[in-house]
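Coordinate analysis (summary)
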There are 2 protein chains.
Amino acid sequence: MAFGNMGDDCGTGVAFTRNPATGEKKLMGEFLTNAQGEDVVAGVRTPMPIQEMADKFPEAFAQFEQVCKTLEDHYRDMQDMEFTVENGKLYMLQTRNGKRTAAAALKIACDLVDEGMIDEKKAVAMIDPRNLDTLLHPQFDPDALKKATPVGTALPASPGAACGKIVFTADDAKEWANRGEKVVLVRLETSPEDIEGMVAAQGILTVRGGMTSHAAVVARGMGTCCVSGCGAIKMDEANKQFELAGKVYHEGDWLSLDGSTGNIYGEAIPTVDASIGGEFKRIMDWADKYRQMNVRTNADNPRDAKQAMKFGAEGIGLCRTEHMFFEADRIPAIRQMICSDTVEQREAALEKLEPMQQGDFEAMYEAMEGKPITIRFLDPPLHEFVPTEEADIEQLAQDMGKSVQDIKNIIAGLHEFNPMMGHRGCRLAVTYPEIAVMQTKAVIKAALNVQAKHPEWHMVPEIMIPLVGEIKELKYVKSVVVATADEIIKAAGSDMTYKVGTMIEIPRAALTADEIAKEAEFFSFGTNDLTQMTFGFSRDDAGKFLDAYYEKKIYESDPFARLDQTGVGRLIEMAAKLGRQTRPDLKLGICGEHGGDPSSVEFCHNTGLDYVSCSPFRVPIARLAAAQAAIKNPRG
Amino acid sequence: MAFGNMGDDCGTGVAFTRNPATGEKKLMGEFLTNAQGEDVVAGVRTPMPIQEMADKFPEAFAQFEQVCKTLEDHYRDMQDMEFTVENGKLYMLQTRNGKRTAAAALKIACDLVDEGMIDEKKAVAMIDPRNLDTLLHPQFDPDALKKATPVGTALPASPGAACGKIVFTADDAKEWANRGEKVVLVRLETSPEDIEGMVAAQGILTVRGGMTSHAAVVARGMGTCCVSGCGAIKMDEANKQFELAGKVYHEGDWLSLDGSTGNIYGEAIPTVDASIGGEFKRIMDWADKYRQMNVRTNADNPRDAKQAMKFGAEGIGLCRTEHMFFEADRIPAIRQMICSDTVEQREAALEKLEPMQQGDFEAMYEAMEGKPITIRFLDPPLHEFVPTEEADIEQLAQDMGKSVQDIKNIIAGLHEFNPMMGHRGCRLAVTYPEIAVMQTKAVIKAALNVQAKHPEWHMVPEIMIPLVGEIKELKYVKSVVVATADEIIKAAGSDMTYKVGTMIEIPRAALTADEIAKEAEFFSFGTNDLTQMTFGFSRDDAGKFLDAYYEKKIYESDPFARLDQTGVGRLIEMAAKLGRQTRPDLKLGICGEHGGDPSSVEFCHNTGLDYVSCSPFRVPIARLAAAQAAIKNPRG
């Protein structure tokens with residue numbers, strides 16, 4: 001509201017019952033009367049702090065303080081009010097629950113509990129889980145930020161602040177970071193080969209790609225700041241420079257990114273690490289007390305696993321094994337496996353990978369301290385692993401004793417028209433069961449070793465077969481897994497048990513879940529792929545038309561961010577129901593991006609899922625959202 | 001059974017009660033006794049024709065004739081029997097319904113009706129619809145075929161026989177055919193640009209691609225012989241030659257293909273056109289009497305439409321409009337449309353296309369003589385239309401007043417990771433509604449013109465919006481169609497009505513069919529895409545792993561040929577039920593490849609569909625299969 005024009009004994013004010021920035025319990029606000037001095041130059045009057053009102057209108061102020069208390073007592077929340085004073089008499093114009101920062105929200109909720117105004121459930125329910133995100137990532141130093149001006153803006157793809165020197169390749173990012181430099185990785189777009197560079201960078205800036213591009217998804221998973229799709233950048237990779245807003249930036253120049261707003265700054269802005277205050281922990285503890293679903297994390301490496309543990313993850317719902325293959329010491333072996341002509345050659349290459357995979361899994365089990373880990377077997381199409389650089393192709397040809405042309409022919413033969421719907425997932429294990437054998441050996445041996453080292457942990461490996469669409473397909477792959485696992489466990493004289501389950505990410509799997517559950521000991525809903533197949537669009541391509549869909553209000557939110565309960569949700573409900581008809585104790589979880597989205601978490605609770613799994617930085621959000629869902633609609 | 005070794009008064013025989021090749025009612029078979037002369041050189045005895053048995057064993061033969069009649073009367077079908085005679089006494093060893101050719105099956109069924117042995121329904125039920133295929137395509141001259149030896153064999157992708165001179169490009173096929181040559185088109189694989197050449201060819205041979213490759217699907221649709229996936233061919237396109245079984249074949253050399261067996265002959269074998277005998281018509285008339293579903297055809301041009309009418313099609317269930325765009329006089333305009341920067345430019349390009357499309361539709365309506373035609377709006381991703389040859393790119397740049405680099409950038413920008421799940425179907429109409437406007441104008445104007453010329457026909461245009469996954473998407477496109485159509489109809493002073501419906505080919509459309517039916521006046525199940533999305537594999541890529549799936553008995557039939565009733569079928573049943581809940585008179589049909597597969601047709605009958613639509617050469621098969629389904633399980 002605007003401050004009006006009035007006499008000396010009149011005034012108008014806005015106030016909060018508590019500080020909306022910090023949550024501190026103190027009346028905050030401003031009050032303005034005609035009597036206040038006018039700025040001669042600007043011609044405006046500056047309102048007085050609300051506390052000064054006590055001097056001018058002691059009676060009205062006392063009454064106002066009383067009203068504040070009445071309103072807070074009534075609404076049991078911090079109030080944002082407007083009022084006037086006329087001839088010394090107070091008139092309340094409006095009140096509503098006040099907007100507040102995430103930190104204030106936590107403090108206010110805790111204070112209200114301590115004041116006996118609300119109970120713990122109400123405190124948990126009143127926090128917007130989406131706001132927690134800002135508390136979990138580094139932020140810019142507020143004073144330094146005020147002095148800075150953005151040179152561009154793009155999509156806020158992964159929250160947090162980053163400041164570092166510009167590098168243009170993943171290798172450079174790694175190398176510079178290894179020598180202690182903070183770097184920001186700037187790429188046209190990222191691909192799985194860039195993972196190590198992305199890990200090394202403070203932040204990632206891409207020219208192409210939307211909120212669900214590779215860079216965005218991976219960065220969110222890692223909790224690394226990312227700004228994506230900055231089409232205004234004129235990239236000149238060859239010369240390691242780019243132009244933005246008329247200025248040329250070279251390798252080594254400072255750049256700062258705000259992943260929460262999408263702002264890009266052509267200078268260094270210092271960042272401060274996020275701190276998790278005491279109220280945060282109290283709210284989270286209450287959330288854990290009331291939620292009825294477990295919260296796991298998606299993590300492929302011990303670093304992410306440990307981060308997620310700190311945020312309260314109770315296990316890993318999705319450990320992707322392919323990311324482990326991209327590292328420099330493994331990629332040659334996987335390439336040899338792909339370019340093999342015979343089962344024997346493939347087995348020889350896989351034998352090289354086995355101890356590395358086993359080591360990976362041991363490290364993961366150690367990091368999770370015996371908590372459950374669902375390990376997904378190899379999923380992506382094999383062409384994601386083959387070399388594209390001439391030198392790498394020559395190296396591979398030499399390793400394999402083949403001609404360069406032979407290797408190129410093999411690579412060309414792997415081309416697919418629609419890789420998302422191609423030779424991937426368990427289809428790889430059906431055609432090359434030796435891959436499943438190797439991965440099973442690595443998982444089981446790792447679990448046995450870790451169990452021996454930590455007798456106090458109860459290791460039950462969970463093996464997840466991806467992309468199943470037909471019961472016989474799962475049955476075949478499971479038979480390979482079971483034969484391999486049982487032999488190793490028997491040879492070790494152990495009585496360790498393990499579970500074999502599947503991802504439900506193909507519509508047909510959901511439609512035939514009663515059948516699938518005959519073999520699967522658990523379902524994990526892979527809602528990224530399930531959304532793609534159910535909508536019939538690939539998230540890599542949907543960017544070209546989704547804007548028109550938002551503009552025409554055909555879709556109101558990104559179905560890859562917020563679960564589509566009408567369509568995809570119907571499939572999930574069907575699969576949950578059919579699956580439990582067959583196997584009443586079937587464990588159900590979700591491991592798509594949606595596992596960290598509050599409205600999707602609520603849907604999962606209502607559908608009877610046992611757990612949600614999300615990226616480490618979303619674990620607190622999921623814990624809170626799960627608690628809110630349970631408070632709103634408790635399960636019997 | 002083998003003929004045994006026995007004395008003079010003993011013998012053993014096999015016989016059919018009717019001729020299994022022609023159906024003629026005459027005892028056919030062979031009889032062998034020890035008394036028969038042995039071939040001195042080969043050391044074998046040749047059995048005597050069964051009729052000669054009357055002389056040797058008159059009593060047993062008379063008894064056998066009596067038994068034959070008893071057996072036929074009992075089983076009411078032609079019998080295939082084994083028997084022995086011992087000491088002049090007849091012993092029957094086995095009897096079963098005999099296998100027969102398609103022609104014989106028709107004649108036997110009709111004769112049995114005429115003999116009062118069976119009724120019309122039984123006659124219809126006893127014909128295997130899949131066998132009809134062989135009656136509907138040209139065949140090799142049987143005597144010439146006996147003398148020929150195949151030089152290779154590959155997949156029998158589309159039935160019939162073809163004989164012609166080898167050509168290697170679609171353009172050559174067209175040119176040679178125009179000057180009266182019969183040609184066989186040999187390609188590595190075919191693409192939509194080859195359509196005109198495929199139409200001009202007697203048969204098509206491809207090196208790559210399975211039973212559902214572009215060549216196979218299009219050839220089956222056209223009723224043209226096709227042998228696909230002959231990996232044994234060493235192709236040398238540059239020199240217009242290939243090598244097969246050690247011999248080099250050049251352009252102009254004779255080649256013969258058998259699309260029913262997959263055999264390839266390196267010589268000319270004369271073909272004879274199929275003739276549809278009197279019994280064929282009788283059986284089809286009975287089928288039409290008992291079936292409860294309509295049978296339509298998928299046809300994109302008047303030639304196919306007329307062919308389908310001859311085979312009894314009652315309308316067109318799927319008229320794809322994009323095939324019309326590939327013709328030489330249209331492709332420049334569609335390319336200009338794609339490379340436009342503004343709505344105005346796009347509209348200008350579309351204006352050039354509109355009269356051509358209108359002409360196409362008028363010709364289709366004329367060909368179908370007023371029978372209903374479901375016209376599907378533009379479906380494929382736009383990159384299918386853009387030029388790949390440098391000269392064509394230059395031409396386009398010149399037409400558009402753009403630089404070659406500009407055009408190349410536009411083409412590169414159209415690249416998609418998963419085109420099947422990309423910017424296509426109604427997504428094109430959402431982003432570029434002017435395309436839907438142009439197509440609506442063309443359909444409605446064509447219908448009005450044809451109605452004016454043929455007042456006796458009742459024209460009700462059916463406009464089908466493809467790839468819908470969300471009600472609001474259909475609502476938006478429908479609003480564009482309705483606004484355009486109503487204006488034209490009003491301006492013409494006509495009271496013509498029209499229908500707007502959708503394909504159900506995205507799982508989400510099936511799952512939300514209750515919503516979709518609020519806008520859609522009909523559903524047509526696009527089971528090709530629905531199968532791809534439900535299984536999560538693209539049929540262009542599935543060839544790489546499906547063999548392993550068949551080998552391991554995970555799948556028993558090709559889900560693109562035979563409808564997967566367990567998964568895809570569940571979606572169809574759901575959509576039919578949900579759709580009719582909203583709109584009880586909702587018209588339901590199927591227009592995927594499955595519309596011509598007997599087991600799938602039976603499923604469609606049982607699910608309550610109003611019609612199936614299939615390629616012209618499958619129309620008789622669908623008519624018969626629909627009748628059989630109705631006889632087996634009549635609808636109330």
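Preceding this paragraph is the structure being described.
Rules used in this analysis
Residues numbered from 1 in each chain as written. Chains lettered and ligands numbered in written order. Predicted model: local features only at pLDDT ≥ 70, side-chain atom pairs only at ≥ 80, totals over all residues. Heavy atoms only, no water. Axes fitted to C-alpha atoms, helices over the stretch in contact; angles between N-to-C directions. Helix = DSSP H or I, 4+ residues; strand = E, 2+ residues; numbered from the N terminus. Parallel < 35°, antiparallel > 145°, perpendicular 65-115°, else oblique. Left-handed = near helix turned anticlockwise from the far one by under 90°. Contact = heavy atoms within 4.5 Å. Nonpolar A, V, L, I, M, F, W, Y, C, P; charged D, E, K, R; others polar. Salt bridge = Lys/Arg side-chain N within 4 Å of Asp/Glu carboxyl O. Buried < 20%, exposed > 50% of the residue type's maximum accessible area, 1.4 Å probe, protein only. Pairing = 2+ DSSP bridges. Buried area = accessible area lost by both parts, 1.4 Å probe. Polar contact = N/O pair within 3.5 Å; in protein donor to acceptor, adjacent residues only side chain to side chain. Disulfide = S-S within 2.5 Å.

Helix-helix packing: each pair is described by the crossing angle between the helix axes and the interaxial distance. All names here are of chain A. Relative to each other, helix 3 (residues 102–114) and helix 10 (residues 278–290) sit at 70°, their axes nearing to 9 Å. On the basis of the axis angle, helix 3 is roughly perpendicular to helix 10. Once helix 3 is placed against helix 10, the crossing between them reads as left-handed. Each of Leu106, Lys107, Ala109, Cys110, Val113 and Asp114 in helix 3 lies in contact with helix 10, whose residues at this interface are Glu279, Phe280, Arg282, Ile283 and Trp286. Its residues assigned to classes, the contact of helix 3 with helix 10 shows seven nonpolar, no polar and four charged.

On inspection of all chains with the given rule, the structure shows 91 salt bridges over all chains. A salt bridge links A:Lys174 to A:Glu196; the shortest N-O distance between them is 2.9 Å. In this pair, A:Lys174 is assigned in helix 7 (residues 170–178) and A:Glu196 in helix 8 (residues 195–200), connecting sequence segments 22 residues apart. Exposure remark for A:Lys174: the relative accessible area of 29% places this residue in the partly exposed category. With a shortest N-O distance of 2.8 Å, B:Asp288 and B:Arg623 are connected by a salt bridge.

Residues and elements named next belong to chain A. Overall, mixed pairing links the eight strands, which are arranged 7-17-16-9-10-11-12-8 in an open sheet. In this open sheet, the two strands that pair with only one neighbour each are strand 7 (152–153) and strand 8 (155–158). The pairing of strand 10 (residues 183–187) with strand 11 (residues 203–206) spans four bridges and is classified as parallel. Bridged to Arg187 within strand 11 is Thr206. This element, helix 7, spans strand 9 (161–167) and strand 10 of the sheet and lies at about 105° to strand 9.

Moving on: the packing of helix 13 (residues 343–367) of chain A against helix 17 (residues 433–453) of chain A. All names here are of chain A. The N-to-C vectors of helix 13 and helix 17 enclose an angle of 30°; their axes lie 8 Å apart at closest approach. With respect to each other, helix 13 and helix 17 are oriented roughly parallel. Remark: the crossing between helix 13 and helix 17 carries right-handed chirality.

As a further point, take the interface of chain B and chain A. Each partner contributes residues to the interface: chain B has 51 residues there, and chain A has 51 residues. Interface area, chain B with chain A, both sides summed: about 4,500 Å², of which 58% is carbon and sulfur. Taken together, the links from chain B to chain A amount to six salt bridges. Salt-bridge contacts for B:Lys472 lead to A:Glu556; the nearest nitrogen and oxygen are separated by 3.3 Å. Where chain B meets chain A, there are 30 residue pairs in polar contact (both at pLDDT 80 or more). Contributions of two or more residues to the side of chain B that touches chain A are made by helix 16 (426–431), helix 18 (471–491), helix 19 (507–511), helix 21 (527–535), helix 22 (543–551) and helix 23 (568–582) of chain B.

Below, the discussion takes up the side chain of B:Thr12. With respect to the helices and strands, B:Thr12 occurs in strand 1 (residues 11–16). At 3.2 Å, the side chain of B:Thr12 forms a polar contact with the backbone oxygen of B:Phe83.

All names here are of chain B. On inspection of all chains with the given rule, the structure shows zero disulfides over all chains. Left unpaired, Cys68 is separated from the closest cysteine sulfur, that of Cys10, by 20 Å. This cysteine, Cys591, is not joined by any disulfide, and Cys604 carries the nearest cysteine sulfur, 11 Å off. By relative accessible area, Cys591 is classed as buried at 3%.

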